[in-house]
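Close look at the chain arrangement
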Amino acid sequence: RKIFKVNKSNAEKSKKIEKEEKFFRETFMYDKEIKVINTATAECSVPSKRRVDLPLTAGEQLDVIDVTEGSAVICRNSEGRYGYVLVEHLNFR
């Protein structure tokens, strides 16, 4: 019985990640392949002011997906959510 619960949980998580990726592609008009170019750690907690900003929790690991022309990068968190993060809030060590 526990096996079914695990599979159901993974299926729900996978569906949520697909939904987040679809939202990201539509909102950011992103048609490139999603590749992790670097990883970073959030240095401080920052709430998002807009839906396109990724809220941060201090110490959270993020995948850096793309760089922008300004001082922000596009990141993905462990929940599969995408958004802009200012470079000054990240530690690349």
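This is a predicted model, so every value here is computed, not measured. (Residues numbered from 1 in each chain as written. Predicted model: local features only at pLDDT ≥ 70, side-chain atom pairs only at ≥ 80, totals over all residues. Heavy atoms only, no water.)

This paragraph deals with unusual backbone geometry. The phi angle at M29 is positive, at roughly 50 degrees, despite the residue not being glycine. Within the fold, M29 resides in the loop between α1 (2–28) and β1 (38–42). (Helix = DSSP H or I, 4+ residues; strand = E, 2+ residues; numbered from the N terminus.)

Okay, the sheet that holds strand β2 (residues 61–67) next. Strand order in the open sheet formed by 5 strands is β4-β3-β2-β1-β5, with antiparallel pairing between adjacent strands. The sheet is open, and its two edges are formed by β4 (82–86) and β5 (90–91), each paired on a single side. In this sheet, β5 lies alongside β1 in antiparallel orientation, the contact comprising 2 bridges. Bridging from a neighbouring strand, A42 pairs with L90 of β5. (Pairing = 2+ DSSP bridges.)

Consecutive side chains of a regular strand alternate in pointing toward one face of the sheet and then the other. Most of strand β3 (residues 72–76) sits out of view: 4 of its 5 residues are buried. For β2 and β3, the ladder comprises 4 bridges, and the chain directions are antiparallel. When the sheet's bridge partners are listed, V67 is paired in β3 with V73. Connecting β2 to the next strand, β3, in antiparallel fashion are 4 residues. Judged from the 5 bridges that link them, β3 and β4 form a sheet pairing that is antiparallel. Bridge pairing in β4 places R76 opposite Y82. The antiparallel pairing of β3 with β4 creates a hairpin that spans 5 residues between the two strands, and G80 there sits at a positive phi of about 90 degrees. (Buried < 20%, exposed > 50% of the residue type's maximum accessible area, 1.4 Å probe, protein only.)

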